[in-house]
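Each chain is listed here by its residues.
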Amino acid sequence: MGLQSFEGRLERLVDGAFGKAFRGELHPVEIGRRLTREMDLQRRLGVNGLIAPNAFVIRLSPRDFERFESFLDALVRELEEAAREHARVEDYVFVGPVTVSTVEDPRIRRGRFTVTSDIHEGPAGLGAASLVLADGTRIVLGAEPTTIGRLPESTVVISDLNASRRHAELRRVGNDVLLVDLNSTNGTRVNGANIRERILHDGDEITIGTTSLRFEAS
């Protein structure tokens with residue numbers, strides 16, 4: 001499922017010329033498959049479950065690097081999302097944010113590539129957690145509280161008249177993330193239910209006013 005949606009997004013990324021553009025050449029989906037296989041091979045048992053690598057380096061030949069260069073940033077974002085989706089399907093745990101970097105390597109022949117991985121802890125040794133905004137922007141949650149509201153100094157500024165100036169806050173409690181409503185006028189909802197405080201779980205939908213945000217443990 002994760003790789004299918006990854007491939008579908010890549011098709012749109014290259015304006016429908018996906019199959020023709022990469023026929024007989026290194027296909028981006030091959031990289032996605034190798035990356036998820038690397039996660040399976042390098043997973044290890046931890047206190048909270050199966051820990052998967054979260055930091056990946058992809059080495060490409062100069063020729064392939066040049067071919068991918070026009071949409072490399074978008075490809076990296078899609079590979080990071082493929083890793084997150086695979087972790088959700090396989091119930092893997094990340095100990096830090098997912099990162100993918102690409103390197104041009106003249107030692108690698110055209111059509112070949114390598115994927116190496118490592119396990120990198122998040123800031124202050126905290127587990128992975130992020131807030132995904134409506135436009136797809138991802139905010140990695142660190143040790144400091146993440147504030148949400150209409151105030152310009154908020155970590156997440158919401159231009160929504162139904163949101164309070166200081167609406168809600170995300171706080172780290174060990175490896176958990178606690179969502180706290182800051183006595184907002186219209187309240188804070190998680191998966192449709194009004195809350196005062198709630199420990200968040202992967203995939204929880206947060207509603208602030210009429211704005212939806214998604215919490216991901218990755």
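Residues numbered from 1 in each chain as written. Predicted model: local features only at pLDDT ≥ 70, side-chain atom pairs only at ≥ 80, totals over all residues. Heavy atoms only, no water.

*Asks:* Would you mind going over the overall build of the protein in detail, with residue names and values included?
*Replies:* In terms of helices and strands, the protein carries five helices and 17 strands. Among the 218 residues that make up the protein, the fraction classed as buried is 47%. Looking at the protein as shown, the accessible area adds up to about 11,500 Å², and 46% of this sits on carbon and sulfur atoms. (Helix = DSSP H or I, 4+ residues; strand = E, 2+ residues; numbered from the N terminus. Buried < 20%, exposed > 50% of the residue type's maximum accessible area, 1.4 Å probe, protein only. Areas by Shrake-Rupley, 256 points an atom, 1.4 Å probe, with all protein chains shown as cover.)

*Asks:* Describe in detail the layout of surface pockets, supporting the description with residues and values.
*Replies:* Roughly 680 Å³ of volume is contained in the largest pocket. Val93, Phe94, Ala128, Asn175 and Ala217 are, among the 30 residues lining the largest pocket, the residues nearest its centre. For the lining of the largest pocket, the secondary structure elements donating two or more residues are β2 (49-51), α5 (72-90), β4 (92-93) and β12 (176-181). If you tally residues by element for the lining of the largest pocket, the top one is α5, at three residues. Residue composition of the lining of the largest pocket, by class: 15 nonpolar, eight polar and seven charged. Taken as a whole, the second largest pocket spans an internal volume of roughly 210 Å³. Arg77, Glu80, Glu81, Arg84, Val132, Gly136, Arg138 and Arg214 are the residues that line the second largest pocket. If you tally residues by element for the lining of the second largest pocket, the top one is α5, at four residues. (1 Å grid on protein atoms, 1.4 Å probe; cavity = no way out; pocket = protein on both sides within 12 Å on 5 of 7 lines; lining within 4 Å. Points joined across faces, edges and corners; volume = space filled by probe spheres on them. Nonpolar A, V, L, I, M, F, W, Y, C, P; charged D, E, K, R; others polar.)

*Asks:* Tell me about the sheet that holds strand β17 (residues 211-216), and please be specific about residues and values.
*Replies:* In space, the six strands of this open sheet follow the order β8-β7-β17-β16-β13-β14, with antiparallel pairing throughout. Because the sheet does not close on itself, it has two edges, and the strands there are β8 (138-140) and β14 (193-195). The mean angle between the axes of side-by-side strands here comes to 30 degrees, regardless of whether they run parallel or antiparallel. Both strand β13 (residues 188-190) and strand β16 (residues 205-208) contribute to a ladder of three bridges, which runs antiparallel. Paired with Thr188 across the two strands is Ile208, which belongs to β16. (Pairing = 2+ DSSP bridges. Axes fitted to C-alpha atoms, helices over the stretch in contact; angles between N-to-C directions.)

*Asks:* Hey, could you go over the packing of helix α3 (residues 28-42) against α5 for me, with residue numbers and the actual values?
*Replies:* Interhelical geometry of α3 versus α5 gives an angle of 40 degrees and a closest axis separation of 10 Å. The orientation of α3 relative to α5 falls into the category oblique. The handedness of the crossing between α3 and α5 comes out as right-handed. Residue-level inspection shows Pro28, Ile31, Gly32, Leu35, Thr36, Met39 and Asp40 of α3 in contact with α5, the latter providing Leu75, Leu79, Ala82, Ala83, His86, Ala87 and Glu90. Broken down by class, the residue content of the contact of α3 with α5 amounts to nine nonpolar, three polar and two charged. (Parallel < 35°, antiparallel > 145°, perpendicular 65-115°, else oblique. Left-handed = near helix turned anticlockwise from the far one by under 90°. Contact = heavy atoms within 4.5 Å.)

*Asks:* Lay out the packing of aromatic side chains with the relevant residues and their values.
*Replies:* With the rule as written, the count across this model stands at one aromatic pair. On the basis of an interplanar angle of 55 degrees and a centroid distance of 6.0 Å, the ring pair of Phe68 and Phe71 is categorised as tilted. Owing to a relative accessible area of 0%, Phe68 belongs among the buried residues under this scheme. Assessed through its relative accessible area of 12%, Phe71 is described here as buried. (Phe/Tyr/Trp six-rings, centres within 6.5 Å; stacked < 30°, edge-to-face > 60°.)

*Asks:* Before we move on, could you go through the environment of Leu35 and cite the residues and values that matter?
*Replies:* Turning to its location among the elements, Leu35 is positioned in helix α3. Judged by relative accessible area, Leu35 falls into the buried class, the value being 0%. Sequence spacing of Leu35 and Thr116 is 81 residues, and the spatial spacing of their C-alpha atoms is 8.3 Å. Contact partners of Leu35, with chain neighbours within four places excluded, come to Phe56, Leu79, Ala83, Val100 and Val115.

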